Structures are given as structure tokens and as C-alpha cells.
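Observations on the three-dimensional arrangement
Each chain, written out:
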Amino acid sequence: MNRIEYADVVVVGGGSCGCVVASRLSENPDRSVLLLEAGPAFSAVAEVPADLTDSSMLPIGPGSEWVGTYSAELTSGVGRTIARGRVLGGSGAVNGGYFVRATPTDFDAWPQSLWSYEQVLPFYLRSETDLDAGIQRQWHGSRGPMPVARTPVHARHPITTAFVDSAVNAGFSMHQDLNAPGASAGGVGAVPLNIRNGTRVSAALAYLLPILDRQNLRVRGNATVTSLMFDGSKVVGVDIVVDGVRRIVRSDNVIVSAGAVHTPALLLRSGIGPADDLVALGISVEVDSPGVGRGFSDHPEVAVSVVAKNEVPTKSPALEAVLHAGAVEIRPYTRRFDRLISGLEPGPHVVGVGLMRSTSRGSIALRSTDPFEAPDVRYHYLESEVDRRAMHEGVEIARDLLASPIMGATVTVPTIENPLAALGTSLHLSGSARMGPESDSSSVLDDHCRVRGVDGLFVVDTSAFPVVPSRGPHATAIMFAERAAAVIGVEPAE
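Residues numbered from 1 in each chain as written. Predicted model: local features only at pLDDT ≥ 70, side-chain atom pairs only at ≥ 80, totals over all residues. Heavy atoms only, no water.

Regarding the layout of surface pockets
Reported here for the second largest pocket is a volume of approximately 330 Å³. If you go around the second largest pocket, you meet 18 residues; those closest to its centre are Ala133, Ile135, Arg150, Gln176 and Asp177. Considering only residue class, the lining of the second largest pocket consists of eight nonpolar, six polar and four charged. (1 Å grid on protein atoms, 1.4 Å probe; cavity = no way out; pocket = protein on both sides within 12 Å on 5 of 7 lines; lining within 4 Å. Points joined across faces, edges and corners; volume = space filled by probe spheres on them. Nonpolar A, V, L, I, M, F, W, Y, C, P; charged D, E, K, R; others polar.)

Here is the structure:
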């Protein structure tokens, strides 16, 4: 084992939240911050490869060096292999750039002491520079790291244009700004995107890489944190493996931002979780915390196949507009996924129907104590009649719009026997180590993101969300990390 290192703060995970937290906490030059990323890292903006910046492609296909995968059960008898970002910037470095905020009422489920909509709005604003003219500036930032823009009407893909026109013709409201509070009532509108001039701007590009000249900030890639280290009820560091070599990093403050699958897995390996499950694997119980890995939420997505009448060569983003209708979000993708993701077998063009208010709750459990073995992930999608009915209704809305005369010039809609057969996931997993009141025994964190029962240990990623928002979580994850960095208040060592 190599020499022991020290940092005032160790951030585990260089995804969206980890990049934001490391950037903000290192603004104090007297505080040393070490960011540990399990995948590749970079030392400058110029080093980031085109795969990660080209917003017209998703670099998540077979053999991609920028993702890690895990097997998951979506519902009984339906399994999928899930790919998530495993690179500096996390899944925000490989996704389609969707940057829609949670709605004001989504925050009713969050601790009102620190996380009401009124309290988090300034941190949404702080995180962004909205580049579009004509929007209401009271809802938008103009000096934040993340650029936000919408595809102009004249530049939209023909499928996007026809879909928007079809939705408006069907009586749905048109929203110029899906990030304004008024859009929460539902309707169709252009998707805010963290894309600037064709470049997908991840949190690594926006927050971290431009400030790596700070002497108090270090970033280490290809570093897997195998377990947390404790002295009694106090965290004292992390055990890591870098290029096959075990090392120890000492710290009195550890912020886990490893993502909503790997964060609970790390807590479980370290002895924080349901006591019976830990004992069964031979893990010493540090904190009996029944909610770790249990009760997560996500957005099931059903793919509605269409046949595009004309394949239009395009560099469009994957998604330029969406419709919110009741419990669902309908997503007219601009291209077939085999045109968006290299290495996929040819498949149909699809329109996605995401169930944004699902009753299903999933679980994450360790298969073994091996830190390099992916955990067991079960989503329990569409297992309630309420969810099946809502998804059926959403698919019918989508098919009606797609079959309209306005859409008829661009697509046809094949007949299908089982509208819910093409079940997938929106990849929005949240709440696997969630915040909540002390009276809730299933909550893992307090309102300051502190892990209950351990001093100096925090969780800052979508694991901490009480429930998945009713919009995609990326914009909210960035906001969350901004606010968390402000409320954690870690002091430098004397």
C-alpha cells in the first residue's frame, strides 16, 4: 500500500454533483479538496474528446470507454443492461442535454427547512446562464457556469416541428419556457438544453476543468473507492484502488457523489444500511439504516414505434421538444437510436412516453462485498394498476398525436398488440439514500445531506432526493449540488 494522503474534503465521484461540489468548496483557498473519479479524468478543457462534446451523439454504445454498465430488472421477467456515465462529468457528459427543472410542487416532498421551491430557486439561477432572448429574466440566471438554450423554431427537426404543431392543434398549451413555474401545469414546449453551439457542456466542462489551476484542488481519475473508513461514529477517510494499487486518503469530511446506484452500494459495503442485509454478507454494521438502497424512484419509459417517411440527415440534439400531459412526458426523438448511439443494431424510430409520477419503488442490494461487482437493481416498474393505467393513457395520447393529419406528412404509426411491451427506463434513478425527517426511519440523510449516525459524512447526488422529480433530474441535480455546497459548511483543518 502506498503512502497515506490527506485532504480537508474528499469528494467521491466526479459526476454532475461531484464536479459542482468540488468546484464550490475549493473556492476557499484554505480548504483542500480531492475529487476521486472511478472513470477517466482530464486536466484541461482541451483534453476532453469529441465523443463527449458532440451533442448530436450519445457515446454510450457497446464498448464505450465512457460508461459503466449494470444489469437490472425493470419488472418481473424483464431485464435490461443499463449504461451510465463513468467519466469526469458522469452521465451529464454522455446524455442528450435535457435540462428541464423540477416543478415548484415537486419540492413539497423535500424538507421545507432548507429545500422549499423559494429557497432553491436562487441556486437554479446561480447555476446557469440562459442564452435565449425573450424569456422572463426573473426565472433565469445570466452569470452561472451552465449554458442553457433551446433549439430555435427555424432549426427544429421536421418531426419536432410536426409534433409541436400537432400538440397545439389538439388543444395543449404552448410554453415558451419549460423552466418557468407556470409550465408546471403541463403543455408542449422546447426543451432547455445544456448545449452551446453544438457542444454538450457537462458539469466537468462548466464547473471543474476551468478552475483546475487552484492549488487546493486535486482530481484523480481511475480511482475506485472501495469503502469508507471510520473511527467510532466519525468518518476518517476512504480506502481506494488506483490502477490496481490500494491507497488510503485521510479526511474528516467525505462527500459521496457516486451516483444513485453506486452511492448506496458504497454505503452498504462500508456498513451503513439494513443491518440484516449487512450481516448476511459478513459486513460489520456501523449504522443500521434501513433506507439505504430501498425505495428509490425513477421514470419508466415506453417506446412507441413510428416509421419516418423521410430520413433527414441531421446534427440535431436527440430531443428538442416535449409534451407534459397529466402524469406523462411524451418525447419525440429526432432520430432512431442506432443513429444516435454507435454500435447499436438498427431499430425503429420511436417516441418515448415517460411516466413522471410513478408509484413504483425499487431496491438496490449488494450481490457481494466485491467493489467491482455491480449491485442487484430492481425497479418494479408498472406493477401497480395505477401506473399501468397512467402509462396506457399516455401511450394513447402519443399515438393519437402521431396519427394526426399534421404528423402524417412525417411519420406513420404501426399497429401494436401490447402498447406496454417496449418497456425501458428514463435513467433518472433517485432516492436510494434519501433525505427526510428523523421521524422517518427510512430516511438516510438529514436536511443538511448528513448521513445519520456518522459525523463528517455527506451524500450529494440524486440518491438524496426524497423522490424523483416530475421532470428529468439533471438541472435539479446541479441546483442541488450548488445548494448543498452552501449548506454543508465544511471548515478547513487548523
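Next, the rest of the story.
Concerning the sheet that holds strand β28 (residues 457–459)
Read across the open sheet, the five strands follow the order β12-β3-β2-β16-β28; overall the sheet is parallel. Two strands lie at the open edges of the sheet, namely β12 (217–220) and β28, each paired on one side alone. Shown here is a sheet whose adjacent strand axes are inclined to one another by a mean of 15°, direction ignored. One ladder, built from three bridges, connects strand β16 (residues 254–256) with β28; its direction is parallel. Looking at the pairing, Val256 lines up with Val459 of β28. Lying over the sheet, helix α6 (residues 262–269) contacts β2 (9–12), β16 and β28, oriented at roughly 155° with respect to β28. (Pairing = 2+ DSSP bridges. Helix = DSSP H or I, 4+ residues; strand = E, 2+ residues; numbered from the N terminus. Axes fitted to C-alpha atoms, helices over the stretch in contact; angles between N-to-C directions. Contact = heavy atoms within 4.5 Å.)

Describing the packing of helix α3 (residues 117–127) against helix α11 (residues 474–488)
At a minimum axis distance of 8 Å, the contact between α3 and α11 shows a crossing angle of 110°. Of the possible angle classes, the one that applies to α3 and α11 is roughly perpendicular. Contacts between α3 and α11 involve Gln119, Val120, Phe123, Tyr124, Arg126 and Ser127 on the former and, on the latter, Ala475, Thr476, Ile478, Met479, Glu482, Arg483 and Ala486. Tallied by class, the residues present in the contact of α3 with α11 amount to seven nonpolar, three polar and three charged. (Parallel < 35°, antiparallel > 145°, perpendicular 65-115°, else oblique.)

So, the packing of aromatic side chains
In total, this model carries twelve aromatic pairs according to the counting rule given. Judged by centre distance (4.9 Å) and plane angle (45°), the rings of Trp110 and Phe465 are tilted. In this pair, Trp110 is assigned in the loop between β5 (78–85) and α3 and Phe465 in the loop between β28 and α11, connecting sequence segments 355 residues apart. For the pair Trp110 and Phe465, one class covers both residues: buried. Geometrically, the ring pair formed by Tyr379 and Tyr381 is tilted, given 5.0 Å between the ring centres and 45° between the ring planes. Across this residue pair, the class does not change: Tyr379 and Tyr381 are buried. (Phe/Tyr/Trp six-rings, centres within 6.5 Å; stacked < 30°, edge-to-face > 60°. Buried < 20%, exposed > 50% of the residue type's maximum accessible area, 1.4 Å probe, protein only.)

Side note on the side chain of Thr75
Mapped onto the elements, Thr75 comes out in strand β4 (residues 67–75). Sequence-distant contacts of Thr75, that is, excluding residues within four places in its chain, are made with Tyr381, Glu383 and Leu423.

Focus: the UniProt feature "domain: Glucose-methanol-choline oxidoreductase N-terminal" (unreviewed entry) in the chain
With numbering matched to this structure, UniProt assigns "domain: Glucose-methanol-choline oxidoreductase N-terminal" (unreviewed entry) to residues 85–108 and 259–273. Each end of residues 85–108 is marked by a C-alpha atom, and these two atoms are 30 Å apart; helix forms 0% of the span and strand 4%. As a span, residues 259–273 carries 53% helix and 13% strand, and end to end its C-alpha atoms are 17 Å apart. (UniProt positions renumbered as here; feature names shortened; annotations may be inferred.)

Quick notes on the nonpolar core
Ranked by size, the top nonpolar core spans 91 residues in total, and within it Trp115, Val238, Leu457 and Val460 carry the most contacts. A total of nine residues in this core trace back to one element, the largest contributor, which is α11. The contact partners of Val460, leaving out residues within four places of it in the chain, are Cys17, Val21, Ile255, Val256, Ser257, Cys449, Phe480, Ala481, Ala484 and Ile488. Membership of the second largest hydrophobic core comes to 41 residues, among which are Val164, Val261, Ala308 and Val411. (Core = buried A, V, L, I, M, F, W, Y, C linked by side-chain atoms within 4.5 Å.)

Considering the sheet that holds strand β13 (residues 223–231)
One open sheet accounts for four strands, arranged β1-β15-β14-β13; its pairing is mixed. Each edge of the open sheet is held by one strand with a lone partner, namely β1 (5–6) and β13. Across six bridges, the pairing between strand β14 (residues 234–242) and strand β15 (residues 245–250) is antiparallel. Bridging from a neighbouring strand, Val241 pairs with Arg246 of β15.

Brief notes about empty space enclosed by the protein
Taken as a whole, this structure holds three cavities of 30 Å³ or more when the rule is applied. Lining the largest cavity are Arg101, Ala102, Thr103, Pro104, Tyr117, Leu178, Asn179, Ala180, Pro181, Ala183, Ser184 and Arg471. The class makeup of the residues in the lining of the largest cavity is seven nonpolar, three polar and two charged. Looking at the second largest cavity, its volume works out to about 50 Å³. What lines the second largest cavity is Phe42, Val48, Leu52, Leu88, Ala93, Ser202, Ala204, Leu205 and Leu209. Partitioning the lining of the second largest cavity into residue classes produces eight nonpolar, one polar and no charged.

Notes on the packing of helix α1 (residues 16–25) against α11
Taken N-terminus to C-terminus, the directions of α1 and α11 make an angle of 30°; their axes are 9 Å apart at the nearest point. Classed by the angle they form, the pair α1 and α11 counts as roughly parallel. Every pair of crossing elements has a handedness; the one defined by α1 and α11 is right-handed. From α1, Ser16, Cys17, Val20, Val21, Arg24 and Leu25 reach across to α11, where they touch His474, Ala477, Ile478, Ala481, Glu482 and Ala485. A class-by-class count of the residues in the contact of α1 with α11 yields eight nonpolar, two polar and two charged. (Left-handed = near helix turned anticlockwise from the far one by under 90°.)

Examining the pattern of salt bridges
Following the criterion strictly, the structure yields 21 salt bridges and no others. For Arg339, the salt bridge is made with Asp338, and the minimal N-O distance between the two is 3.9 Å. A residue is classified by how much of its surface remains accessible, and Asp338, at 17% relative accessible area, is buried. Its salt-bridge partner being Asp446, residue Arg450 comes within 2.6 Å of it at the nearest N-O pair. When its relative accessible area of 38% is taken as the criterion, Arg450 is described as partly exposed. A relative accessible area of 14% means that Asp446 is categorised as buried. Three or more residues are tied together by salt bridges with common partners; here these are Arg24, Glu27, Arg126 and Glu482. (Salt bridge = Lys/Arg side-chain N within 4 Å of Asp/Glu carboxyl O.)

Some details on α1
Counting buried residues along α1, ten of its ten residues qualify, which places the element largely inside the surrounding structure. Those residues of α1 lying buried are Ser16, Cys17, Gly18, Cys19, Val20, Val21, Ala22, Ser23, Arg24 and Leu25.

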